[in-house]
Amino acid sequence: MDNQRFHLTLSTGGKPVMRGWWPDLATAERKYLRWISERGGRDGAQITRTDEADGGRVLKSWPDEDR
C-alpha cells in the first residue's frame, strides 16, 4: 500500500501552510474532518483531500464551492 496515497492540504491566501499524507481513505477522511473543525476558522482557509494514485484528483474540498 502506498503510504502517501491520500494527501491533505490546508491553504490560506492561496498558499499551502500545512500538508499531510495517509495510506488509507478512512484515516484521511477522519483527518480531513478534524482539520476542518480545528483549522477551518482561519481567514481564507481551504482544505482539500486528493488521491495521489489517481493523478492528484480532488476528492473533497472545504469550503465547497456552494459556500
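As shown above, the structure is provided for reference.
Here we summarise the structure given alongside this text. Values in this document were obtained by computation on a predicted structure and should not be read as measured data.

Remarks on the environment of Thr50
You can see Thr50 is positioned in strand β3 (residues 45-51). Along the primary structure Thr50 and Leu8 are separated by 42 residues, whereas in three dimensions their C-alpha atoms are 6.6 Å apart. When neighbours within four sequence positions are excluded, Thr50 is seen to be in contact with Arg5, Phe6, His7, Gly56, Arg57, Val58 and Leu59. In this structure the side chain of Thr50 is engaged in a polar contact, spanning 2.8 Å, whose partner is the side chain of Glu52.

Describing the nonpolar core
The biggest cluster of nonpolar side chains holds 11 residues, and these are Phe6, Leu8, Leu10, Trp22, Ala28, Tyr32, Trp35, Ile36, Ala45, Ile47 and Trp62. Counting residues per element, the ones that place at least two in this core are β1 (6-12), α1 (25-39) and β3. With 4 residues, the single largest contributor to this core is α1. Not counting chain neighbours up to four residues away, the residues in contact with Leu8 comprise Met18, Arg19, Gly20, Trp22, Ala28, Lys31, Tyr32, Trp35, Thr48 and Arg49.

Focus on the packing of aromatic side chains
For any pair of aromatic rings, the description consists of the separation of the ring centres together with the inter-plane angle of the planes. Tallying each qualifying case throughout the model produces 1 aromatic pair. Centroid distance Trp22 to Trp35: 6.1 Å. Interplanar angle 75 degrees. Geometry classified as edge-to-face. Placement of the pair is Trp22 in strand β2 (residues 15-22) and Trp35 in helix α1, with a sequence separation of 13 residues. The same class applies to Trp22 as to Trp35, namely buried. Geometry around Tyr32 places Arg49 over its ring, the cationic atom sitting 5.6 Å from the centre.

Procedures and definitions
Residues numbered from 1 in each chain as written. Predicted model: local features only at pLDDT ≥ 70, side-chain atom pairs only at ≥ 80, totals over all residues. Heavy atoms only, no water. Helix = DSSP H or I, 4+ residues; strand = E, 2+ residues; numbered from the N terminus. Contact = heavy atoms within 4.5 Å. Polar contact = N/O pair within 3.5 Å; in protein donor to acceptor, adjacent residues only side chain to side chain. Core = buried A, V, L, I, M, F, W, Y, C linked by side-chain atoms within 4.5 Å. Buried < 20%, exposed > 50% of the residue type's maximum accessible area, 1.4 Å probe, protein only. Phe/Tyr/Trp six-rings, centres within 6.5 Å; stacked < 30°, edge-to-face > 60°. Lys NZ or Arg CZ within 6 Å of the ring centre and 35° of its normal.

Purely geometric stuff here, so don't read any function into it on its own.
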